[in-house]
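# Structural description and commentary
Single-letter residue listing:
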Amino acid sequence: MTGQKSEGDRKHPVDETLPPLKMFTSGLQHVAAMYAGVVAPPMIVGPACGLNATETAFLMGASLFTAGIATLLQTLGFWKVGAKLPFVNGVSFAGVTPMVAIGKAQSPGDALPIIFGAVIVAGVLGFLVAPYFSKLVRFFPPVVTGTVITLIGVSLLPVAFNWSQGGNDRAPDYGSLTNIGMAALTFLIVLVLRRVLRGFLQQIAILLGLIAGTLIAIPVGITHFSALSEASLVGFPTPFHFGAPQFDIAAIVSMCIVMLVCMTESTADMLALGRIVGRPADERTIEGGLRADTLGTAISPLFNGFANSAFAQNIGLVAMTKVRSRFVVATGGLILIVLGLCPVAASVISLVPLPVLGGAGIVLFGSVAASGIQTLASAAMEKGDNALIVAAAVGIGLIPIAAPDFYHHLPKDLLVVLDSGISTGCLVAIVLNLAFNHFGRKTADGGTADEDTADGTAAAAHGDPETPPQPAPGTTDEAGAPAAAPAH
């Protein structure tokens, strides 16, 4: 029709740009949601490597800076690098345990150079194997992706609960009525704002809730300004500040395992995000995303950073706000770089008390789990052994959450994988899907059970979460007309 853009000319919401104010505030909301997750690993690894408070603060700034670089690689990309989805990258928690072990086993002067050397090698190897690793996407039908997305949300909820109690279980006020009360109040504020606001204000309800919670926390006495008064105006993460990288075989093996874990989790996260934004993460998307992850990881040690991977909590933010533009997240990446270069600005973000962040986090992480349940609803659970696959994968994936010491007698090297409910649940779901649906019983027409369920559910995983399932690309709809392929 005259005056209207054709379907092919219309931009996908992922590729749309927003007005500057909306771009900045939405990007800032992403930073607020993941800030604590970025600075927590260096806060743990720094003291384990013998760093004092000033050096640990430097390490935190470096982690913010490198997270910004990795996020820009992921959202904007170049060549075959980047998923080009609203995907936030930051320091992976999967590497904390092995890095602490390396730090304690080495002298203080050698610990970080050895860690950085191992991270560089792991990043380079991950970059090289990304094209082959991405081919695993065909083993992620809705029964697998729904399970993994659900586990991502459920695995993150304990983080929000910990923040709600204060974040430090050794602090005297951990779990106090004040902390839990502030978390509950922020939780209610976010829900009320989401219910009563409309348009753009509704989209930034999380940010508004964090601001309101922080202001209320000032007279309560849990907002601390000491970090702001002690921070310097400018601080650049000097390359190889802690010394040139060293290459230790044992450390390299440990970090390569971590890299594989990060790639597994990132693959699941990309599938989840593609489902939420209505742009399915195909093999090419996952390959580009893994290249961005691993390239960002290989570059990070240059600026004193660690291994980077996807931040699942921001997937919940995309699902909740429905702001799908990758340029919003790229703006968040730029903000992270500024925070890494300006400790004062970083300290302003850190003013948000953890209980306030925890109250908002319950909504965010619960949104991820809800997206997984929605995907499972389209996975033909009544057919074949799909229900059994979900039951077993979720059960195994919940072990590190429900019983954190369950594997404590096993070798520490195995704990890198086993302590991640996302990784173990994902592996169990993939293996059981292969066993029951690919190599299992044949159906009456000679196909596998997976073929029957995947054809009818793949389209549901490709569409917008609020639209009804559509026929898969290349098939026909109920009236026999060719189905339109999703926009890319």
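What counts as what
Residues numbered from 1 in each chain as written. Predicted model: local features only at pLDDT ≥ 70, side-chain atom pairs only at ≥ 80, totals over all residues. Heavy atoms only, no water. Axes fitted to C-alpha atoms, helices over the stretch in contact; angles between N-to-C directions. Helix = DSSP H or I, 4+ residues; strand = E, 2+ residues; numbered from the N terminus. Parallel < 35°, antiparallel > 145°, perpendicular 65-115°, else oblique. Left-handed = near helix turned anticlockwise from the far one by under 90°. Contact = heavy atoms within 4.5 Å. Phe/Tyr/Trp six-rings, centres within 6.5 Å; stacked < 30°, edge-to-face > 60°. Buried < 20%, exposed > 50% of the residue type's maximum accessible area, 1.4 Å probe, protein only. Lys NZ or Arg CZ within 6 Å of the ring centre and 35° of its normal.

## Some details on the packing of helix α6 (residues 177-196) against helix α15 (residues 354-377)
The interhelical angle for the contact between α6 and α15, taken along N-to-C directions, is 45°, at an axis separation of 7 Å. Overall, the two elements α6 and α15 adopt an arrangement that is oblique. Relative to α15, the crossing made by α6 is right-handed. Here Asn179, Met182, Ala183, Thr186, Phe187, Val190 and Leu191 of α6 lie close against α15, whose contacting residues are Pro355, Val356, Gly359, Ala360, Ile362 and Val363.

## Overview of the packing of aromatic side chains
By the definition in use, this model includes four aromatic pairs. Aromatic pair phenylalanine 58 and phenylalanine 242: ring centres 5.9 Å apart, planes at 75°, arrangement edge-to-face. One end of the pair, phenylalanine 58, is in helix α2 (residues 53-75); the other, phenylalanine 242, is in the loop between α9 (226-230) and α10 (249-277), and 184 residues separate them in sequence. For phenylalanine 242, a relative accessible area of 15% translates into the label buried. For the cation-ring pair, arginine 291 lies above phenylalanine 127, with the distance from its terminal atom to the ring centre recorded as 5.7 Å.

## A word on the environment of alanine 369
If you trace the backbone, alanine 369 turns up in helix α15. For alanine 369, a relative accessible area of 9% corresponds to the buried category. Linking alanine 369 and serine 155, residues 214 residues apart in sequence, is a C-alpha distance of 9.1 Å. For alanine 369, the contacting residues outside a window of four places in its chain are Ile149, Thr150, Gly153 and Val154.

Everything listed is a geometric property; what it means functionally is a separate question.
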